[in-house]
Structure formats: C-alpha cells, structure tokens
Amino acid sequence: VTTGQWHHVALAASSSGVILYVDGEAAGASGRSAISTASNPLRFGMTTNFGGAALNGRVDEVTFFNRALDPSEVASISDDSVTAICRPCAPLPTDALAWWQAEDDATDEISGFDGTLDGDASFVAGKVGNALSFSGAGHVALPKTAAWDFGTSSFSIVAWFASSSVGYRNII
C-alpha cells in the first residue's frame, strides 16, 4: 500500500474463512469466528477493540454485502475505470446491504443505516466525488442493527481508501 494513493480494499468472509483483497488481488486469508456488534459499535475510521491507531486518511464508497463476493466480482469493483467506480454509471452487485457514498454526509443510499460523524471526521475530495476524511481522532458511527451481527454468515465489505500513514495494525 502506497501512502497517499487510493487503494481498493475488500473483505470477503464465508462461513469458513476470510479473504482480504487489496487493489483486486488477494492479499491474505485466515479462518474466522463469529462477528457480532452487540457489545461493540460498528465504525469507519477506528475500532473499539483490537488495538491499532485510528485512521489517518480518507475512505470512499463503503459498501456492505450479504454474501462473500467472489474474486471476479472484487476485481470488477476494484477496476480503476470510470464505470467501475461510478455507481450511478454501473449497478452494484446483487445483495448489496448498505452503501455510503460520502457525498458530504454519511447517508446509507440503500438501507437507511445512516452514520454519524464524530471527532475530526469531515469530507474532502475523494475517489468518486467526495470522501470521508480522518486525521486520527474521529470516526463515523453506524447505528446498532441486527444487520451487522453477521455471526458466521457470509458477508463482504468493500471501500476505496487512501492512508496518510501505513503501519502495523492501521485501521480503515
């Protein structure tokens, strides 16, 4: 990952494992356990657990899916062409659960799971239109909903990000 450049990241989780993709290529894989947000809120830009520094950078076009995207879908979404990143120009893959465009608000364009900006979270020029910006002391909090309690079900999360710093356990 190159500091300051836009990169596409995708996390595709099945019942048996998780694959992390960076710029359309598999970058790592591991087994997985159940995921629940019952006691920890879901956020962009920071974590409640697991340590690591809060994000110092930008995030754009965050999308959640109710299934594990396959490698060809991840490659298509991460394609840097205008039609791949311009969601009004190209439809989302099926089973999109939520989509935050970050066009000067934290509105979920699909399901109404609108986020709330906290701390230094703001908006700047992004990969597509505008993006969320963080300088290490803010985040976007998502509403508590059973939709985030994936348990061991399949799901995917994809986004564009540009980090101002790269290091061990940096948060996206």
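Below you will find a few notes about this structure. This structure is a prediction, so every number in the text was calculated from the model and none was measured.

1. Considering a negative patch on the surface
A surface patch of like charges, here negative, comprises Glu103, Asp104, Asp105, Glu109 and Asp114. Residue placement: Asp105 occurs in the loop between β6 (96–100) and β7 (116–119). Looking at Asp105, the relative accessible area reads 34%, which means it is partly exposed.

2. Here's the deal with the sheet that holds β7
Read across the open sheet, the three strands follow the order β4-β10-β7; overall the sheet is antiparallel. Edge positions in the sheet fall to β4 (43–44) and β7, since each has one partner strand and no second. The pairing of β4 with strand β10 (residues 138–141) spans two bridges and is classified as antiparallel. The partner of Phe44 across the bridge, within β10, is Val140.

3. Observations regarding the pairing of β6
For β6, a buried count of four out of five residues is recorded, marking the element as mostly surrounded by other parts of the structure. Sheet topology note: the strand β5 (residues 56–65)/β6 ladder contains four bridges and is antiparallel. Looking at β6, one finds that Thr63 is bridged to Trp99.

4. Quick notes on the pattern of salt bridges
Scanning the model with the defined rule gives one salt bridge in all. In this structure, Arg67 and Glu73 form a salt bridge, with 2.7 Å as the shortest nitrogen-oxygen distance.

5. Points about the packing of aromatic side chains
For the structure shown, the criterion picks out seven aromatic pairs. Aromatic side chains Phe44 and Phe64 sit 6.5 Å apart centroid to centroid with 70° between the ring planes, which places their arrangement in the edge-to-face category. Placement of Phe44 in strand β4 and of Phe64 in strand β5 is noted, with a sequence separation of 20 residues between them. In terms of burial, Phe44 and Phe64 fall into one category: buried. With centroids separated by 4.1 Å and ring planes inclined at 15°, the aromatic side chains of Phe150 and Phe155 adopt a geometry described as stacked. Judged by its relative accessible area of 9%, Phe150 is buried. Residue Phe155 is classed as buried on the basis of its relative accessible area of 2%.

Cut-off values and rules
- Residues numbered from 1 in each chain as written.
- Predicted model: local features only at pLDDT ≥ 70, side-chain atom pairs only at ≥ 80, totals over all residues.
- Heavy atoms only, no water.
- Patch = residues over 30% accessible without salt bridge, like charges linked within 9 Å, V, L, I, M, F, W, Y side chains within 5 Å.
- Areas by Shrake-Rupley, 256 points an atom, 1.4 Å probe, with all protein chains shown as cover.
- Salt bridge = Lys/Arg side-chain N within 4 Å of Asp/Glu carboxyl O.
- Lys, Arg positive; Asp, Glu negative; His and termini not counted.
- Charge placed at Lys NZ, Arg CZ, Asp CG, Glu CD.
- Helix = DSSP H or I, 4+ residues; strand = E, 2+ residues; numbered from the N terminus.
- Buried < 20%, exposed > 50% of the residue type's maximum accessible area, 1.4 Å probe, protein only.
- Pairing = 2+ DSSP bridges.
- Phe/Tyr/Trp six-rings, centres within 6.5 Å; stacked < 30°, edge-to-face > 60°.

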